[in-house]
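Residues per chain, in single letters:
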Amino acid sequence: MKKLNVNKEACIGCGACVAIDSEHFDFGDDGLSEAISQENLDSENVANAISSCPTNAISIADVEGEEKECCSCCEGKECCCNDEEEAA
Ligand code: SF4
């Protein structure tokens, strides 16, 4: 499982990533970018946003092993078994 992350200590809030890929990036209340979606991380826009960041604040980390098996509670809808971490 991959996870898109913005390093807030490196982000300078230039807005390049938000302009390039508003599907994955938006400004938080602190005026710095944050990842707003973990879907479709192989898209060209994500790659462009990463390469356009002047401070290399954006990364996609491999968090293999943390993904839980679906418990089937979602009954055919989008699996929510790995949403716990985001909600916490
Ligand atoms: S491109 Fe980089 S520095 Fe600019 S807002 Fe996005 S994460 Fe921050």
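The structure under discussion appears in the preceding block.
Residues numbered from 1 in each chain as written. Predicted model: local features only at pLDDT ≥ 70, side-chain atom pairs only at ≥ 80, totals over all residues. Heavy atoms only, no water.

*Asks:* In this structure, what is going on with the overall build of the protein chain? I would like to understand it.
*Replies:* Scanning the protein chain for helices and strands turns up three helices and four strands. Reading the helices (α) and strands (β) of the protein chain from amino to carboxyl end gives β-α-β-β-α-β-α. With 88 residues in all, the protein chain has 27% of them scored as buried. The contacts in the protein chain between residues at least 6 apart in sequence include a share of 49% that link residues at least 24 apart. For the protein chain, the accessible surface area stands at approximately 5,900 Å², while carbon and sulfur atoms represent 44% of it. (Helix = DSSP H or I, 4+ residues; strand = E, 2+ residues; numbered from the N terminus. Buried < 20%, exposed > 50% of the residue type's maximum accessible area, 1.4 Å probe, protein only. Contact = heavy atoms within 4.5 Å. Areas by Shrake-Rupley, 256 points an atom, 1.4 Å probe, with all protein chains shown as cover.)

*Asks:* How should I be thinking about the site of the ligand in this particular structure?
*Replies:* In the vicinity of the ligand lie 14 residues, with Cys-11, Cys-14, Gly-15, Cys-17 and Cys-53 positioned nearest. Class assignment for the residues of the shell around the ligand results in 10 nonpolar, four polar and no charged. (Near = heavy atom within 4 Å. Nonpolar A, V, L, I, M, F, W, Y, C, P; charged D, E, K, R; others polar.)

*Asks:* Is there a simple way to think about the nonpolar core in this case?
*Replies:* Across soluble globular proteins, nonpolar side chains have a tendency to be buried as a group. In this structure, Leu-4, Val-6, Cys-11, Cys-17, Phe-25 and Ile-58 are the most contacted members of the largest nonpolar core, which totals 13 residues. At the level of elements, β1 (2–6), α1 (16–20) and α2 (44–52) are the ones that each hand at least two residues to this core. (Core = buried A, V, L, I, M, F, W, Y, C linked by side-chain atoms within 4.5 Å.)

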